[in-house]
Amino acid sequence: MEEKLAFVEGAEQPLSMHPKKFALWLFIVSVVMIFAGMTSAYIVRQSEGNWLEFDLPNVFWYSSAIIVLSSISLHWAYLSARKDDFNTLKIGLIITTILGLGFLIGQWYSWVALVAQDVYFVGNPAGSFMYVFTGLHGIHLISGVIFLIIVLISSLRNKIHSQNLSQLDMCVTYWHFLGGLWLYLFMFLLLNH
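What counts, and where the lines are drawn
Residues numbered from 1 in each chain as written. Predicted model: local features only at pLDDT ≥ 70, side-chain atom pairs only at ≥ 80, totals over all residues. Heavy atoms only, no water. UniProt positions renumbered as here; feature names shortened; annotations may be inferred. Helix = DSSP H or I, 4+ residues; strand = E, 2+ residues; numbered from the N terminus. Buried < 20%, exposed > 50% of the residue type's maximum accessible area, 1.4 Å probe, protein only. Contact = heavy atoms within 4.5 Å. Patch = residues over 30% accessible without salt bridge, like charges linked within 9 Å, V, L, I, M, F, W, Y side chains within 5 Å. Areas by Shrake-Rupley, 256 points an atom, 1.4 Å probe, with all protein chains shown as cover. Salt bridge = Lys/Arg side-chain N within 4 Å of Asp/Glu carboxyl O. Core = buried A, V, L, I, M, F, W, Y, C linked by side-chain atoms within 4.5 Å. Phe/Tyr/Trp six-rings, centres within 6.5 Å; stacked < 30°, edge-to-face > 60°.

Per an unreviewed UniProt entry, the recorded name for the protein is Cytochrome oxidase subunit III, and the organism is Cyclobacterium plantarum. As its UniProt record puts it under Sequence similarities (unreviewed entry), the protein is described as follows: "Belongs to the cytochrome c oxidase subunit 3 family."

Have a look at this one:
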């Protein structure tokens, strides 16, 4: 009997994760699968011919810089929360939210630039893919900005601090994922356009 108890006491504990964080990771994996499928479809369809050639909007470069800066400002906010520096946390979240909105405005202007080149959602698969890539990423980024606003409100109520970082941690994970996803899409389009 004692031998059995020793076996149970020596057993490794299972890994645990907050259920909301687990759900976030499942969502991220599903988004990765969607974009992996779409980029694969892009390559296959492009190889079939009848592919409109056009320049990528220059605003993509600015959008890329904005999304990188937003990740830096959010990381700054996260480090501030770990130190209970509440004012810097709030400033970092506000800057990140503004940069996120700036990214979305940049995406809108990329569509304006595409229309100026006579690239539309219908008419040629090249244009369709461009609008779907940027539009679907934009929808996910809108959800990220909403998440940022929720976290900002929590920080204004002093609910985020060094002892309660789970909400901010999930927001940081999602936001960095969205930034990485955009950089992947942009590099993919640069290399395969």
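Here the narrative resumes.
Enquirer: Can you walk me through the environment of Ile67 in this structure?
Expert: Along the polypeptide, Ile67 turns up in helix H3 (residues 59–82). Accessibility expressed as a relative area gives 1% for Ile67, which makes it buried. Residues Ile67 and Leu183 lie 116 residues apart in sequence; the distance between their C-alpha atoms is 8.5 Å. Residue contacts for Ile67: discarding those within four places in its chain leaves Phe103, Leu141, Trp175, Gly179, Trp182 and Leu183.

Enquirer: Any chance you could explain a nonpolar patch on the surface here in plain terms?
Expert: Taken together, the side chains of Val115, Tyr120, Phe121, Val122 and Val132 make up a nonpolar region of the molecular surface, amounting to roughly 450 Å² of accessible area. Mapped onto the secondary structure, Phe121 falls in the loop between helix H4 (86–116) and helix H5 (125–156). By relative accessible area, Phe121 is classed as partly exposed at 46%.

Enquirer: Sorry if this is basic, but what is going on with the nonpolar core here?
Expert: General note: in soluble globular proteins, nonpolar side chains tend to be found buried as a group. Of all hydrophobic cores here, the largest spans 48 residues; its most connected members are Phe60, Leu74, Leu93, Phe133, Leu168, Trp175 and Leu189. Contributions of two or more residues to this core are made by helix H2 (19–47), H3, H4, H5 and helix H6 (166–192). Setting aside residues no more than four positions away along its own chain, Leu74 makes contact with Leu93, Thr96, Leu148, Leu168, Cys171, Val172 and Trp175.

Enquirer: Can you walk me through the UniProt feature "transmembrane region" (unreviewed entry) in the protein in this structure?
Expert: With numbering matched to this structure, UniProt assigns "transmembrane region" (unreviewed entry) to residues 22–44, 59–79, 91–109, 129–153 and 174–191. A helix fraction of 100% and a strand fraction of 0% characterise residues 59–79, whose end C-alpha atoms lie 30 Å from each other. With 100% helix and 0% strand, residues 129–153 has its two end C-alpha atoms placed 36 Å apart.

Enquirer: Mind showing me how you'd approach the packing of aromatic side chains here?
Expert: Two measures describe an aromatic ring pair: the distance that separates the ring centres and the angle between the ring planes. Enumeration over the complete set of coordinates arrives at 17 aromatic pairs. Note on Phe60 and Trp182: the rings are 5.2 Å apart at their centroids and 80° apart in plane angle, and the pair reads as edge-to-face. With a gap of 122 residues between them, Phe60 in helix H3 and Trp182 in helix H6 connect regions that are remote in the sequence. With respect to class, Phe60 is no different from Trp182; both count as buried. Taking the centre distance of 6.1 Å and the plane angle of 5° together, the rings of Trp182 and Phe186 count as stacked. On the criterion of helical spacing, the pair formed by Trp182 and Phe186 is a turn pair, its members being 4 residues apart in helix H6.

Enquirer: Would you mind showing me how to read the pattern of salt bridges here?
Expert: For side chains bearing opposite charge, pairing can occur when the charged atoms are close. Under the criterion given, the structure shown has 2 salt bridges. Notably, a salt bridge pairs Lys21 with Asp169, separated by 2.3 Å at the nearest N-O pair. Taken as a pair, Lys21 in helix H2 and Asp169 in helix H6 lie far apart in primary sequence, 148 residues in all. Judged by relative accessible area, Lys21 falls into the partly exposed class, the value being 22%. Here Arg45 makes a salt bridge to Glu48, at a shortest N to O gap of 4.0 Å.

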